[in-house]
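# Notes for the structure review
Chain residues, written in single-letter form:
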Amino acid sequence: MEPLNDSLFGAQSLESPAALASALAPPAAPGHFDELRGAATPAAVPRQQPAPAGAPLHDAALPPPAAPESPAPATTPAAAPELTPPWARFFEHLGSGGFADLPRRALNLERQIRDNGVTYNVYADADGPQRPWSLDLFPLIISPESWTQIEAGVLQRVRVLDRVMADVYGPQQLLAEGLLPAALVRGHPGYLRPMHGVKPPGDTWLHIAAFDLARGPDGNWWVVSQRTQAPSGLGYLLENRLAISRQFPQAFEELQVQRLAATYSAMMEGLQGMCPAGSPPHIALLTPGPYNETYFEHAYLARYLGITLVEGNDLTVRDQRVYLKTLQGLRPVHGLIKRLDDQYLDPLELRPDSTLGVPGLLQAIRAGNLLVANMPGSAFLESPALLGFLPALARRLIGEKLQLPALPTWWCGERAALESALPQLGDCAIKATYPGYDSHTSFEAVLGSRMSRRELDEWAGRIVRQGDEHTVQSYLPLSQMPTWAPNFGRGHIAPRAVMLRVFAVSDGARSWRVLPGGLARLAGADAQIASMQRGGSSADVWVQTRGEVDRTTRLQPHATPASLARHRAPVTSRAAENMFWLGRYTERAENAVRLARLVLDRLGGEEPSSRPLLEWLHGLSTRNTLIAPEVPIGTKARRVFERALIADLGNAETGGSVGYNLRCVRQAAAAVRERLSQDHWNQIVRAEEEFLRRTAEQDDDEREGGFAAGAALHSLEAASAALSAMTGAQTDRMTRDDAWRLLSIGRHIERLAFLSSALAAGFKGGAVHEVNGFEAVVALFDSTITFHARYQQRRDVATLVDLLVLDGDNPRSLAWVTQTLRGRIARLAGSAPGKLTALSYELPDPAMWTLENLCEVDADGKYPALVQLFEYCEAAAYHVSDAIGIRYFTLTSESVRSVGV
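I will try to describe carefully the structure that is included in this document. Please read these numbers as outputs of a predicted model, since none were measured by experiment. (Residues numbered from 1 in each chain as written. Predicted model: local features only at pLDDT ≥ 70, side-chain atom pairs only at ≥ 80, totals over all residues. Heavy atoms only, no water.)

## Focus on the overall build of the protein
From N to C terminus, the protein includes 29 helices and 22 strands. Across the 901 residues of the protein, 58% fall into the buried class. Taking all contacts inside the protein whose residues are at least 6 apart in sequence as the whole, residues at least 24 apart take part in 72%. Carbon together with sulfur atoms contributes 51% to the accessible area of the protein, which is approximately 36,600 Å² in total. (Helix = DSSP H or I, 4+ residues; strand = E, 2+ residues; numbered from the N terminus. Buried < 20%, exposed > 50% of the residue type's maximum accessible area, 1.4 Å probe, protein only. Contact = heavy atoms within 4.5 Å. Areas by Shrake-Rupley, 256 points an atom, 1.4 Å probe, with all protein chains shown as cover.)

Laid out in structure tokens, this is it:
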């Protein structure tokens with residue numbers, strides 16, 4: 001394969017970019033349709049086009065019979081080097097730089113995807129749950145003629161599927177007439193008996209349906225599969241469009257690519273119009289959470305559509321109505337776009353072990369109080385076995401012949417289909433009839449052409465024994481589109497197999513439109529199955545139009561106060577709780593870093609540390625779980641203490657270690673990823689990765705005999721700098737709404753408890769009465785510079801109390817922290833400006849503290865009033881934390897109320 005070397009780049013001056021592309025781009029594999037050239041590459045052994053769905057399988061040497069559901073085969077010309085007109089125009093309008101600029105654009109695209117935080121989580125990825133979304137530089141270009149066929153066929157099919165659901169959960173005439181086998185409906189785990197008899201709003205069961213299409217060697221499109229439960233791709237294709245259109249703005253305009261916004265707007269207007277109540281109705285997007293493989297898309301789509309992103313525990317059902325738990329109380333929800341498989345929706349009636357759903361959700365649906373897109377119970381439509389029955393169902397339900405054929409598919413639960421399919425396994429794909437369900441045989445699709453005769457015989461035996469568990473589908477060589485491969489010299493064009501996912505969305509009651517675009521999924525370099533889980537990639541889809549481009553936008557040029565108010569998303573209780581813990585873990589990580597640096601500095605210093613100081617450091621380290629309680633504290637065991645602390649710094653599994661707290665920061669941030677800027681998120685991820693990497697390296701050095709104290713201090717200094725950057729982002733770059741206030745409250749609760757306990761331990765053990773201990777306490781409060789600038793060489797309790805307890809301008813004094821907490825809690829509760837609430841009064845009032853009272857000494861030389869204040873502050877911090885959780889997170893206090901009904 002020829003790289004784009006300098007001589008080829010220079011050839012642009014001698015021939016057109018289209019001719020250069022034709023010369024540089026290899027043809028598609030033999031027998032595959034070449035999207036770039038608009039024709040199939042001649043195969044060594046001709047392969048026949050598959051017959052339409054429902055027809056018997058033929059020997060490859062025999063021509064298939066005529067089928068009314070199949071489009072007329074396109075004429076396949078001999079191999080032609082010329083590009084199709086759309087691709088020629090694309091390369092002619094690459095813009096400045098032409099081919100020579102493609103490597104730079106590829107790098108820009110990769111950086112843009114990374115900087116935007118576009119991810120696709122792969123559960124089996126050994127490198128971690130998140131990896132960047134894979135997007136190719138070139139789009140898949142669909143001509144107006146091809147799109148007309150696709151659009152008409154998809155609209156037909158979504159109408160048929162919607163009516164199938166209406167019948168299955170209604171009169172069930174299709175079952176009675178034998179047009180649908182009962183085993184594929186009632187025997188399917190995705191058939192939900194609790195939904196029988198339900199009347200959905202607008203008599204519409206399917207609001208979003210996805211169809212996976214492949215182009216055959218004859219140039220026609222075929223349906224391979226369909227997705228109706230929670231089809232993914234609507235968000236990723238938006239990001240793809242934004243990224244690729246920026247790389248090729250001239251080509252995008254020249255090719256008259258149809259825009260996407262109008263379809264999304266029509267979908268939202270249709271959903272709002274069908275919602276059972278509410279003016280305007282409140283629609284939310286239900287996500288399984290941040291560990292779902294497509295969570296980025298959920299957050300992205302919710303933002304784009306202007307709706308609330310919720311998880312199951314954000315919602316509750318009261319009196320057969322669904323409510324969103326917010327800081328202000330319960331807010332009604334009238335519609336849900338679900339990205340959750342049906343079986344997890346309601347633990348009361350479906351899977352009892354589900355923690356992702358909402359108890360009572362199905363009852364709210366049955367009562368007609370909630371629109372769900374899509375209505376639960378559509379999983380049986382996703383079975384590949386259903387494809388073979390759809391031509392007859394279309395004639396029965398809508399009186400039409402399908403214009404877009406499906407690959408011939410045989411459900412082996414029927415003897416005739418089984419006998420037809422078995423001899424042809426070597427030319428077909430074998431799929432599970434009920435994929436993804438533990439109660440049935442489930443397996444990844446396999447290709448007969450890649451199996452030996454022995455393996456084929458083994459599969460045939462399984463199919464004979466469990467025919468209903470297996471579906472056989474004819475194999476279609478996927479068309480191949482040009483892609484940019486940057487891993488060979490300066491880069492090159494390479495053909496890769498592609499599958500197109502298109503979406504039909506409802507724009508009203510029993511009315512749909514097809515999104516003029518889609519998600520192109522590319523197979524791996526040597527694969528024939530296009531799957532993101534198998535390391536595939538994606539491409540933007542440019543649908544051309546011969547008419548005027550619809551330039552509708554979802555931006556509102558004339559905003560009103562009412563419309564702006566609607567765009568202020570409520571703060572859900574779950575998001576609020578995660579923001580609260582994000583603040584607490586950030587502060588806890590800072591405290592752990594500061595304490596660990598202080599311990600290592602004092603243990604490694606030249607001056608001997610006194611026993612009270614060592615006991616104070618050991619006590620704080622044990623209390624904050626930086627070391628195990630059994631680690632000795634004697635002056636002769638200083639190195640044991642030091643090595644024990646260093647050994648656990650990067651232990652992400654031990655509560656209290658720096659590594660553990662950094663991991664908790666990332667996990668809490670991941671749960672509210674949609675609320676954080678990309679820079680803030682990157683800081684959080686890098687902080688954890690860098691610290692764990694550094695500590696792992698220092699563990700290796702220590703095993704080789706090196707001394708790790710210096711390396712540990714460097715790691716802690718880097719972590720401290722990273723945490724300072726996080727603090728800056730949280731303080732200055734976040735909107736100060738209730739979510740931010742809870743983050744701030746969490747930080748200050750953690751700070752108040754930590755500093756109070758440290759001061760109490762220092763006074764009880766006497767560490768503050770020695771010079772080294774006194775300096776250590778001031779350093780722990782990060783106040784060394786201020787102290788020496790203000791008090792010079794004084795080392796008495798009065799100066800310590802003045803700066804660390806009473807100073808209202810020191811953000812690490814107890815007075816400042818307490819006063820800030822009281823004010824933030826008052827704002828959170830919505831009280832009048834300047835007035836505190838009952839919860840604020842749970843904290844001590846710094847105005848009541850005086851230096852004289854706090855510095856009173858008893859007969860034993862102790863400071864009882866001071867120690868009592870420290871203990872009270874610590875207890876109050878934890879009490880307020882519990883009260884906030886009950887009032888705002890679990891919504892179990894008397895303050896729960898409904899708003900906006």
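Once the structure has been displayed, the description carries forward.
## Here we look at unusual backbone geometry
Residue Asn374 is bonded to the preceding Ala373 through a cis peptide linkage, with omega at 0 degrees. For Asn374, the position within the fold is in the loop between strand 12 (371-373) and helix 13 (390-397). With a phi angle near 50 degrees, Gln256 is a residue other than glycine that sits in the positive phi range. With respect to the helices, strands and loops of the structure, Gln256 is situated in the loop between helix 9 (249-254) and helix 10 (261-274).

## Digging into the pairing of strand 14 (residues 428-432)
Here strand 14 lies mainly inside the structure; five of its five residues are buried. Of the two faces of strand 14, the one holding Cys428, Ile430 and Ala432 and the one holding Ala429 and Lys431 are both buried throughout. Two strands pair when backbone bridges link them, and strand 14 and strand 15 (residues 446-447) are joined in this way by two bridges, in the antiparallel orientation. Each residue of the ladder has a partner; that of Ile430, found in strand 15, is Val446. (Pairing = 2+ DSSP bridges.)

## So, the pattern of salt bridges
A complete count under the given rule lists 49 salt bridges for this structure. With a closest N to O distance of 2.6 Å, Asp601 and Arg602 form a salt bridge. Accessibility expressed as a relative area gives 44% for Asp601, which makes it partly exposed. Here Arg602 falls in the buried class, since its relative accessible area comes to 18%. Ionic pairing is found between Glu775 and Arg795, a salt bridge with its closest N-O pair at 2.7 Å. Separated by 20 residues along the polypeptide, Glu775 in helix 24 (residues 771-780) and Arg795 in the loop between helix 25 (784-791) and helix 26 (797-806) bring together distant segments of the chain. Residues joined in a network through salt bridges with shared partners are Glu587, Glu590, Arg594, Arg747, Arg751 and Arg812. (Salt bridge = Lys/Arg side-chain N within 4 Å of Asp/Glu carboxyl O.)

## Things to note about helix 20 (residues 658-671)
Taking 1.5 Å of rise per residue, the 14 residues of helix 20 would be expected to cover 20 Å, and the 20 Å separating its terminal C-alpha atoms lies within 8% of that figure. When you tally the buried positions in helix 20, you get 11 out of 14 residues, the bulk of the element. Taken together, the buried positions of helix 20 are occupied by Val658, Gly659, Asn661, Leu662, Cys664, Val665, Arg666, Ala668, Ala669, Ala670 and Ala671. (Expected span 1.5 Å × (residues − 1).)

## Quick notes on the sheet that holds strand 11 (residues 335-338)
Backbone-to-backbone hydrogen bonds pair the strands of a sheet. The strands run either parallel or antiparallel. The four strands lie next to each other as 7-6-11-12, forming an open sheet whose pairing is parallel. Of all the strands in the sheet, the pair left with one neighbour each is strand 7 (308-310) and strand 12. If you compare each strand with its neighbour and ignore which way they point, the axes differ by 25 degrees on average. With four bridges joining them, strand 6 (residues 283-286) and strand 11 adopt parallel strand pairing. Bridged to Ala284 within strand 11 is Leu336. Each of strand 6, strand 7 and strand 11 is contacted by helix 11 (residues 295-305), which is oriented at about 150 degrees to strand 7, the strand it contacts most. (Axes fitted to C-alpha atoms, helices over the stretch in contact; angles between N-to-C directions.)

## Observations concerning the packing of helix 22 (residues 709-732) against helix 23 (residues 738-765)
Between helix 22 and helix 23, the shortest axis-to-axis distance is 10 Å and the interhelical angle comes to 135 degrees. On the basis of the axis angle, helix 22 is oblique to helix 23. When you trace helix 22 past helix 23, the crossing you get is left-handed. Between helix 22 and helix 23, the residues in contact are Thr727, Gln730 and Thr731 and Trp740, Leu743 and Arg747, respectively. Tallied by class, the residues present in the contact of helix 22 with helix 23 amount to two nonpolar, three polar and one charged. (Parallel < 35°, antiparallel > 145°, perpendicular 65-115°, else oblique. Left-handed = near helix turned anticlockwise from the far one by under 90°. Nonpolar A, V, L, I, M, F, W, Y, C, P; charged D, E, K, R; others polar.)

## As for helix 15 (residues 453-465)
With 13 residues, helix 15 ought to run about 18 Å at 1.5 Å a step, and its terminal C-alpha atoms sit 19 Å apart, in line with that. When we look at burial in helix 15, the residues that qualify are Leu456, Trp459, Ala460 and Ile463. Buried residues of helix 15, viewed axially, fall in a sector of 105 degrees; they line one side. Helix 15 presents Arg454 and Arg465 as exposed residues on the side facing more than 90 degrees away from its buried surface. On its buried side, helix 15 packs onto helix 14 (415-421), strand 14, strand 15 and strand 16 (470-474). (Arc of directions from axis to C-beta.)

## A few points about the environment of Gly766
Residue placement: Gly766 occurs in the loop between helix 23 and helix 24. For Gly766, a relative accessible area of 17% translates into the label buried. With 154 residues separating them in the primary sequence, Gly766 and Pro612 have C-alpha atoms 6.2 Å apart.

## With respect to the sheet that holds strand 14
Taken together, four strands build an open sheet; the order of strands is 13-16-14-15 and the sheet is antiparallel. Each of the sheet's edge strands pairs with one partner strand only, and the pair in question is strand 13 (409-411) and strand 15. Bridge count between strand 14 and strand 16: five bridges; the pairing is antiparallel. Looking across to strand 16, one finds that Ala432 is bridged to His470. Along the sheet face, helix 15 touches strand 14, strand 15 and strand 16 and points at about 125 degrees away from the line of strand 16.

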